[in-house]
Amino acid sequence: MRKSHPVRRAVLAGAATVSGIVLLLSLKPASDPGAASAAGGAAPPVAAQSPQGGRGAGAGTVTGDAARTQYGPVQVRVTVSGGRITRAEAVQAPKGGQSDRVTADAVPKLNQAAVAAGNADIDAVSGATYTSAGYAKSLQSALDKAAAAAGSAGRESSGSGDGAGEGGAGQGTQVLTGDAAQTQYGTVQVRVTVSDGRITDAEALQAPKGGRSDQVTADAVPKLNRAAVAAGTADIDAVSGATYTSAGYTQSLQSALDRAGG
């Protein structure tokens, strides 16, 4: 009868409950570090986003010089990755009045043409001759800057000295500015990019301007730029209606090529 006394059973049950609680409390701190370790194990997926930066490391965004046109400045910014244009946009373009409509129609087409061509040798958009010429000029400037940056990085990584690049096809990329040539209508000065002994880009830093010269320059210079790249020398034909500008362009182009060792 004593062993089954109700009070005794209650005391024993209470003691068992207290022991169980103490045991659970003693086990909980040991489980927390395991949870913290699991949380720490979840961190690497966040760090795995870092390769995005690695993919972007090969890309560069370059803004060309603003090109003045009869209706306002045009300035182009391009993203170059792996030596290819992956994106092009006009940072500045003519605006106000009818220019708003022309810009809205022409600029997207010019952007697409730049990416498709991979260079500044793009056709003018009908009805936007001046904007197209300014776009091509600023685009060429951006590409020259990208080429210069790539050439500089290549020379630094190879550790070659200034004399190592002289002569031969192994001289890498050079951006060379010719002497300013004086003409009857103004100064013409040409800058070229030479890569592995070939002209890859050409642009006029200075050209006759003011009055009718603006129209002549806008028409002639892009043609002369393309001719220089195509010929690979200064032996290019004069553009009809721009004899003096063509002669000055050729003279300045030749002096730039002379600096590259011919």
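Residues numbered from 1 in each chain as written. Predicted model: local features only at pLDDT ≥ 70, side-chain atom pairs only at ≥ 80, totals over all residues. Heavy atoms only, no water.

1. Describing the packing of helix 6 (residues 212-231) against helix 7 (residues 243-259)
Selection criterion: To obtain an axis, a line is fitted to C-alpha atoms, over the contacting stretch when the element is a helix, and the angle between two such axes runs from 0 to 180 degrees between their N-to-C directions. Where helices and strands are cited, they refer to DSSP runs of H or I of at least four residues and of E of at least two residues respectively, numbered from the N terminus. The cut-offs work like this: below 35 degrees is roughly parallel, past 145 is roughly antiparallel, 65 to 115 is roughly perpendicular, and the gaps in between are oblique. For any pair of crossing helices, the crossing counts as left-handed if the nearer helix is rotated counterclockwise from the farther one by less than a right angle, and right-handed if it is rotated clockwise. Note on contacts: a residue pair is in contact if any heavy atoms of the two residues lie within 4.5 Å. Amino acid classes used here: Ala, Val, Leu, Ile, Met, Phe, Trp, Tyr, Cys and Pro are nonpolar; Asp, Glu, Lys and Arg are charged; the rest, including Gly, are polar.
Where helix 6 contacts helix 7, the axes come no closer than 11 Å and their chain directions differ by 40 degrees. Relative to helix 7, the element helix 6 is oriented oblique. The two elements helix 6 and helix 7 cross, and the hand of that crossing is right-handed. For the pair helix 6 and helix 7, the contacting residues are L224, N225 and A228 in the first and T245, S246, Y249 and L253 in the second. The class makeup of the residues in the contact of helix 6 with helix 7 is 4 nonpolar, 3 polar and no charged.

2. Remarks on unusual backbone geometry
For the record, the criterion: When accessible area is computed with a 1.4 Å probe and restricted to protein chains, residues below 20% of their type maximum are described as buried, those above 50% as exposed, and intermediate ones as partly exposed.
Its identity is not glycine, yet D196 carries a phi of approximately 55 degrees, on the positive side. Within the secondary structure layout, D196 lies in the loop between strand 6 (186-195) and strand 7 (198-206). A residue is classified by how much of its surface remains accessible, and D196, at 47% relative accessible area, is partly exposed.

3. Quick word on the pattern of salt bridges
For clarity, the threshold we go by: A side-chain nitrogen of Lys or Arg and a carboxyl oxygen of Asp or Glu constitute a salt bridge if their distance falls within 4 Å.
Counted by the stated rule, this structure contains 9 salt bridges. With a shortest N-O distance of 3.3 Å, R226 and D121 are connected by a salt bridge. With a gap of 105 residues between them, R226 in helix 6 and D121 in the loop between helix 4 (98-117) and helix 5 (129-158) connect regions that are remote in the sequence. Judged by relative accessible area, which is 43%, D121 ranks as partly exposed. Note that R191 is salt-bridged to D144, the shortest N-O span being 3.9 Å. Highlighted residues: R191 in strand 6 and D144 in helix 5, separated in sequence by 47 residues. The class of R191 is buried, set by a relative accessible area of 17%. Each of R77, R87 and E89 takes part in a single network of salt bridges with overlapping partners.

4. Here's the deal with helix 7
As a reminder, the rule being used: Helix span is expected to be 1.5 Å times the residue number reduced by one.
Between its terminal C-alpha atoms helix 7 stretches 25 Å, which fits the 24 Å expected from 17 residues at 1.5 Å a residue. Within helix 7, the full set of buried residues consists of T245, S246, G248, Y249, S252, L253, S255, A256 and L257. Buried residues along helix 7 sit in contact with strand 4 (173-177), strand 5 (181-183), strand 6, strand 7 and helix 6.

5. Remarks on the confidence of the model for the chain
We count it as follows: pLDDT measures how confident the predictor is about each residue, on a scale from 0 to 100.
On average, residues of the chain carry a pLDDT of 76, and 69% of them reach 70 or more. Per-element mean pLDDT across the chain ranges from 31 in helix 3 (residues 51-56) up to 94 in helix 4. Segment residues 22-58: pLDDT under 50, and 3 contacts once partners within four positions in sequence are set aside and those in other chains are kept. The model gives residues 159-170 a pLDDT under 50, and that stretch makes 3 contacts with residues more than four places away or in other chains.

6. A few points about the pairing of strand 6
Basically, it comes down to this: If DSSP finds at least two bridges between two strands, the strands pair.
Along strand 6, 9 of the 10 residues are buried, which leaves the element largely enclosed by surrounding structure. Where strand 4 and strand 6 come together, 5 bridges link them in antiparallel fashion. Among the inter-strand pairings, L176 is bridged to a residue of strand 6, identified as V192. In terms of strand pairing, strand 5 meets strand 6 through 3 bridges, oriented antiparallel. Within the sheet, the bridge partner assigned to Q182 lies in strand 6 and is T187. Hairpin remark: strand 5 followed by strand 6, antiparallel, with 2 residues in the connecting loop. With 7 bridges connecting them, strand 6 and strand 7 associate as antiparallel partners. Opposite R191, over in strand 7, you have E203 as the bridge partner. Counting the residues that bridge the hairpin from strand 6 to strand 7 gives 2 residues, and of these D196 lies at a positive phi of roughly 55 degrees.

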